[in-house]
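# Survey of secondary and tertiary structure
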Amino acid sequence: MHFDLYLSTNQQHDNSSSTPPTPPISESEQQQQYGDHHQKQERKTINSNLKHFSSEDLPKKLKHAKIKKIISGSRFSLILTNEGNVFTFGITDFIDNSTNNSYRDVKDDDFKSFKKLKLTRDLKKKKIKDISCGMRFILLQLEDYNNVNNNSDDYNNGIIYSGGDNECGQRGIGQESSLRQFLPIKFNLNNNNTNNTNLNNNLNNNLSKDIIKMSCGYQHCILLSKNGIMYGTGCSYQSQLGSIENGISYYFTELKNNPKDVIDVQCAYFSSFCLTKEGKVYVTGDLGYSYVMDAKDWTLIDLFKDLIIDSIYISCSNLFFLTKGGENVFVGGPKNNFILSEDLKRFTSNNNTSSDDDEIVDNSSEMMNRVLDLYGGRGICNVYGKEQFHFVTNYGEVYACGTNRKLLGLDESVISNSDKNGSSLFIWKKVEGLNTSGNRKVTIANGFDFCLFVVQDELSNRIIEKLKEICNYQFDNMVFEKNVFYDCKINW
C-alpha cells in the first residue's frame, strides 16, 4: 500500500489479523528506504488503541490507490482516491432507499470494513473530483475535462450531485425528502418557473462547474465559487445562511451581503464562517450556536485586531482560528467545554461586550502556549475533530485533546494513573504508533464513534496528481500534441 491507515474507536481493537504499524526508523534508514513502499519490514504493535489496516483489509481499488481526501459525518466516513473512486466506512444507510433510514444503534461490524460508495449506473462511470458531507447527507463533484481553464487548479470541475437526508432542503434538490439516491443539485435561478427544462439544466450545470469548495452543516450547505460568491441551501432558522426568505431554501441561492474575496467557507451545526483573502473572518448565526456573536447576516469578527488569520477549522463544538505557520491558535466554543477549561483561555462575545466570565482573547492564547511547550516550539498546521480533537504539527506529530482516550487513539501506556480516574477528565497527549517518519502527511476523519488516520507521502501525491492533470488535459486537447509526455515512468 502507498499509505498507512489506522482506526481508533470506543472499543478495544484486535490487531491479531492486521499488519501492525511500522516502528520509527532512523534518518539514515529513512533515506535508504525512501520511495520503496513494497520493501518488507519487521513490524510491531506499539499502541493498543490503534488498529492498523493491512492490504488484506481493504478493497483492491483502495489498497493500490493514493488517497486524495478523507471526510466524515455522523458515524460514517468517505475516502476519495486520486483515481476518482469513493469508498465508505461506517453507517451509510441514509443513502439507501431500500433500508430503514432511522438513526439506529451501532452494530459490531459497522466499523470494520471499507466499501465502494453505492452510485447509480450513470455515476459509476464517472470520476469524482471532490466530496463533502454533513451529518447524514453527501455531496459529490464530478470531473469534467471539457471544462478547461489551464490557468487554474479547478479547470476540470464538473456537475455536483447530492444524496441522503433532505428534510430541510440541505441537498439543494427541492422539497423531495423521500429520494435518497444521488441527484444533480439545483440553483435558485431567475427563470426557475420557465418550462425550458434544458435551459435550466445548462445553467445549473454551468454554476456547478464554477464551484471550488463545498461545506455542509447539520441541515444546511454552502458552496463557494471561484469568483468568491457563496450559494446556500437548507435551514436558516438560526441565521446559518444569513438572511433567507422564510428562513429556509430548497435550492442553492446566492447569499446576501457576501463578503469580498472569500477563499474558504465552513459550516458548523447551526452557524457558518468564511475567511477572506485579507485574513478576515466573518460569521453568520445566532450567538447560542456560533459562540462568537449574534449575527443575523455575514458579520466581521473583530476579536483578532490586527492579526491575519491564515486558516480556520469549525467543528460541532469548537472554533479554531490559526495564524500563519500555526504560531497562534484562537479557540472559541460553549462555556464549560473541556477544551476551554481553567488552564486554557477562551473567547466569547455577547454583543461585543466582555465580562469576567466572558473573556475576549486579543493575543496568543494560553492554549497555544501550552501546545508550544509540548511541541518544542513547533506550530500547528491542521486541526481535526468534532467533539474530541487532534492537532497536527508542522512536523507531522499528532496530539490528542479531549476526554475519550480510546476514541482519540491514545495508548494506555502513555496515560498516567491520575488520568485514569474518571472518564471525563481533560487530557492532552501525543498519539503514538503512527508511522509519520519522513515527509508524510497525516489526515484524520472523526465520525463521533471512530477516528480514521491516513498517513502518506504528501510530495509524491502532489506530483502524481499534477502529472495526471497535465496528461489528461493535453490528450483531450490535441493542439498541444507536441507537449504530451511519452514513455513517462513514475515510481511511487
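Computed from a predicted model, the values in this text were never measured in an experiment.

Procedures and definitions
- Residues numbered from 1 in each chain as written.
- Predicted model: local features only at pLDDT ≥ 70, side-chain atom pairs only at ≥ 80, totals over all residues.
- Heavy atoms only, no water.
- Buried < 20%, exposed > 50% of the residue type's maximum accessible area, 1.4 Å probe, protein only.
- Salt bridge = Lys/Arg side-chain N within 4 Å of Asp/Glu carboxyl O.
- Helix = DSSP H or I, 4+ residues; strand = E, 2+ residues; numbered from the N terminus.
- Pairing = 2+ DSSP bridges.
- Axes fitted to C-alpha atoms, helices over the stretch in contact; angles between N-to-C directions.
- Contact = heavy atoms within 4.5 Å.

Here the focus is unusual backbone geometry. The phi dihedral of Ser239 is positive, around 70°, even though this residue is not glycine. Exposure remark for Ser239: the relative accessible area of 9% places this residue in the buried category. A positive phi angle, near 55°, is found at Asn257, a position not held by glycine. Under the relative-accessibility criterion, Asn257 is labelled exposed at 54%.

Turning next to the pattern of salt bridges. Taken as a whole, this structure holds 12 salt bridges when the rule is applied. Asp130 is the partner of Lys69 in a salt bridge, and the nearest nitrogen-oxygen pair spans 2.8 Å. Residue Lys69 is found in strand 3 (residues 67-72), and its partner Asp130 is found in strand 7 (residues 128-133); the two are separated by 61 residues along the sequence. Here Arg180 ties to Asp165 by a salt bridge, and the two come within 2.3 Å at their closest N and O atoms. Linking Arg180 in the loop between strand 9 (157-164) and strand 10 (183-184) with Asp165 in the loop between strand 9 and strand 10, this pair joins segments that are 15 residues apart in sequence. Both residues of the pair, Arg180 and Asp165, count as buried. Each of Asp93, Arg104 and Asp110 takes part in salt bridges that share partners, so that together they form one network.

Bringing the side chain of Ser271 into the picture now. Relative to the elements of secondary structure, Ser271 occurs in the loop between strand 15 (262-267) and strand 16 (272-276). Take Ser271: its relative accessible area is 0%, and that puts it in the buried class.

A few words on the sheet that holds strand 19 (residues 309-314). Judged by pairing direction, the sheet is antiparallel, and its three strands sit side by side in the order 19-20-21 without closing on themselves. Whereas interior strands pair on both sides, the edge strands pair on one side only; in this sheet they are strand 19 and strand 21 (329-332). Each strand axis lies, on average, 15° off the axis of its neighbour in the sheet, ignoring direction. By the bridge criterion, four bridges tie strand 20 (residues 319-323) to strand 21 in an arrangement that is antiparallel. Along strand 21, the bridge assignment pairs Phe321 with Phe330.

A few words on the environment of Asp449. The residue Asp449 is located in the loop between strand 26 (440-446) and strand 27 (450-457) in this model. When the C-alpha positions of Asp449 and Phe76 are compared, they lie 8.8 Å apart, and in sequence the two are 373 residues distant. Not counting the four nearest positions on each side in its chain, Asp449 is found in contact with Thr9, Asn10, Arg75, Val106, Phe111 and Leu407.

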